[in-house]
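The primary structure of each chain is shown beneath.
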Amino acid sequence: MNDSHHILGVDIGGTSIKAAVVDTRKGALTSAVLRARTPQPSTPKSVVAAITELARKLKWRGPVGVGFPGLLKHGVVRRAPNLDAAWVRHEIVDHLRRALSVSHVAVGNDADAAGLAEARFGAGRGVRGTVVLVTLGTGIGSAVLHNGSLLPDTELGHLEVGGKDAETFASTVARERNKWTWEQWGRNVDRYLTTLEYMLAPDLFIIGGGVSSDPEQFFRYLENVEAKIVPATMGNDAGIVGAALFAAPGVKALARKHKRTKV
Ligand code: BGC
């Protein structure tokens, strides 16, 4: 199926790259999720080659939306803390258009993708007010929404709390690296969320990333946060569905401001 609402969603992560065809009206996958290990070193060339291979396996020639684990502006990467340094200043949108031979490629931040998907189809569906989604994974990503509209490109995973970048004490990689118990780590996440709450006064926090399937392990330590906290409900699909939304008709996100060019 290849109409303007069916879009290939690609989620680039620190450990794996996932891709599936998405029906963006329903927020549902219409193909299997294909995965590739994130190449090491994770240079633009090797990552784009892996994405091209996934698209080829899915026999996909239509529009493509990509969730990228870093900050980009106008199709150019500014920062990608968990990927190879060669990404900085790389023209990712043009590179993907050429490599995939498709004219419509939209790229946005991976956490924004998850936030858009959860707001439309998941834990944030129909929620009014301010919703903050944080993805706790290799890094910490953030998405801030108000009445369902996204404020793109927030990088609140790098908020300094007590003089430390939050990613260094509240990401899941920090938990694994430091061999912290769920309680030790949960209390760090509590400190991080409390700081975010002080600044943004959200009505709802959504916790995404792999740990969203283990809320019973650490939600009980998030005791100083006043806002409601819920786990993301779309699991790994959120990043893929949201990435596809970047390229969907009628979805407003800065990532769509790149002009379409003929290949
Ligand atoms: C990056 C964010 C990204 C997050 C999750 C952080 O290190 O700065 O842009 O959303 O990791 O991948």
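Structural data are supplied above this passage.
Because the structure is a prediction, the values reported are computed rather than measured. (Residues numbered from 1 in each chain as written. Predicted model: local features only at pLDDT ≥ 70, side-chain atom pairs only at ≥ 80, totals over all residues. Heavy atoms only, no water.)

**Q** Just checking my understanding: could you explain the site of the ligand for this structure?
**A** Taken together, 13 residues lie around the ligand, and Asn109, Asp110, Glu155, His158 and Glu167 are the ones closest in. At 3.2 Å, a side-chain N or O of Asn82 approaches an oxygen atom of the ligand. Measuring from an oxygen atom of the ligand, one finds a side-chain N or O atom of Glu155 at 2.5 Å. Starting from 310 Å² of accessible surface for the ligand in isolation, the protein chains cover 94%. For the shell around the ligand, the elements supplying multiple residues, two or more each, are helix 3 (110–121) and strand 10 (140–146). Its residues placed into classes, the shell around the ligand shows four nonpolar, six polar and three charged. Two domains each donate at least three residues to the shell around the ligand, and these are domain 1 (6–112 + 237–257) and domain 2 (126–231). (Near = heavy atom within 4 Å. Polar contact = N/O pair within 3.5 Å; in protein donor to acceptor, adjacent residues only side chain to side chain. Areas by Shrake-Rupley, 256 points an atom, 1.4 Å probe, with all protein chains shown as cover. Helix = DSSP H or I, 4+ residues; strand = E, 2+ residues; numbered from the N terminus. Nonpolar A, V, L, I, M, F, W, Y, C, P; charged D, E, K, R; others polar. Domains from an automatic or database assignment.)

**Q** Quick question: what am I supposed to make of the packing of helix 1 (residues 44–57) against helix 2 (residues 92–100) here?
**A** Angle between the axes and distance between the axes are the two parameters that describe a pair of packed helices. Helix 2 packs onto helix 1 with a crossing angle of 45° between their chain directions and a minimal axis gap of 10 Å. Here helix 1 lies oblique to helix 2, going by the angle between them. For helix 1 against helix 2, the interelement crossing comes out right-handed. Each of Pro44, Lys45, Val48, Ile51, Thr52 and Ala55 in helix 1 lies in contact with helix 2, whose residues at this interface are His95, Leu96, Ala99 and Leu100. (Axes fitted to C-alpha atoms, helices over the stretch in contact; angles between N-to-C directions. Parallel < 35°, antiparallel > 145°, perpendicular 65-115°, else oblique. Left-handed = near helix turned anticlockwise from the far one by under 90°. Contact = heavy atoms within 4.5 Å.)

**Q** Can you walk me through the sheet that holds strand 14 (residues 204–208) in this structure?
**A** Two orientations exist for strands paired in a sheet by backbone hydrogen bonds: parallel and antiparallel. Read from one edge to the other, the open sheet built from five strands follows the order 11-10-9-14-15, with strand pairing classed as mixed. Looking at the sheet topology across the chains shown, the edges are occupied by strand 11 (149–151) and strand 15 (228–231). For this sheet the average axis-to-axis angle between neighbouring strands, irrespective of direction, equals 25°. Sheet topology note: the strand 10/strand 11 ladder contains three bridges and is antiparallel. Pairing of Val144 across the sheet is with Leu151, part of strand 11. On the sheet, helix 3 packs against strand 9 (130–136), strand 10, strand 11 and strand 14 and is oriented at approximately 45° with respect to strand 10. Of the strands in this sheet, strand 9, strand 10, strand 14 and strand 15 touch helix 6 (residues 182–200), which is tilted by about 150° from strand 9. (Pairing = 2+ DSSP bridges.)

**Q** I tried to follow the packing of aromatic side chains on my own but got confused; where do I start?
**A** Here a ring pair, both rings aromatic, is described through the centre-centre distance and the interplanar angle of the planes. Considering all chains together, one arrives at five aromatic pairs under this definition. Ring geometry for Trp182 and Trp185: centres 5.8 Å apart, planes at 75°, overall edge-to-face. Here Trp182 and its partner Trp185 are both found in helix 6, three residues apart, which amounts to about one turn of the helix. Taking the relative accessible area as the measure of exposure, Trp185 reaches 0% and is therefore buried. Above the face of the Trp182 ring, Arg175 is positioned so that its terminal group lies 3.8 Å from the ring centre. Across from the ring centre of Phe169, 4.8 Å away, lies the NZ or CZ of Arg191, which sits over that ring. (Phe/Tyr/Trp six-rings, centres within 6.5 Å; stacked < 30°, edge-to-face > 60°. Buried < 20%, exposed > 50% of the residue type's maximum accessible area, 1.4 Å probe, protein only. Lys NZ or Arg CZ within 6 Å of the ring centre and 35° of its normal.)

Nothing here speaks to function; it is all geometry.
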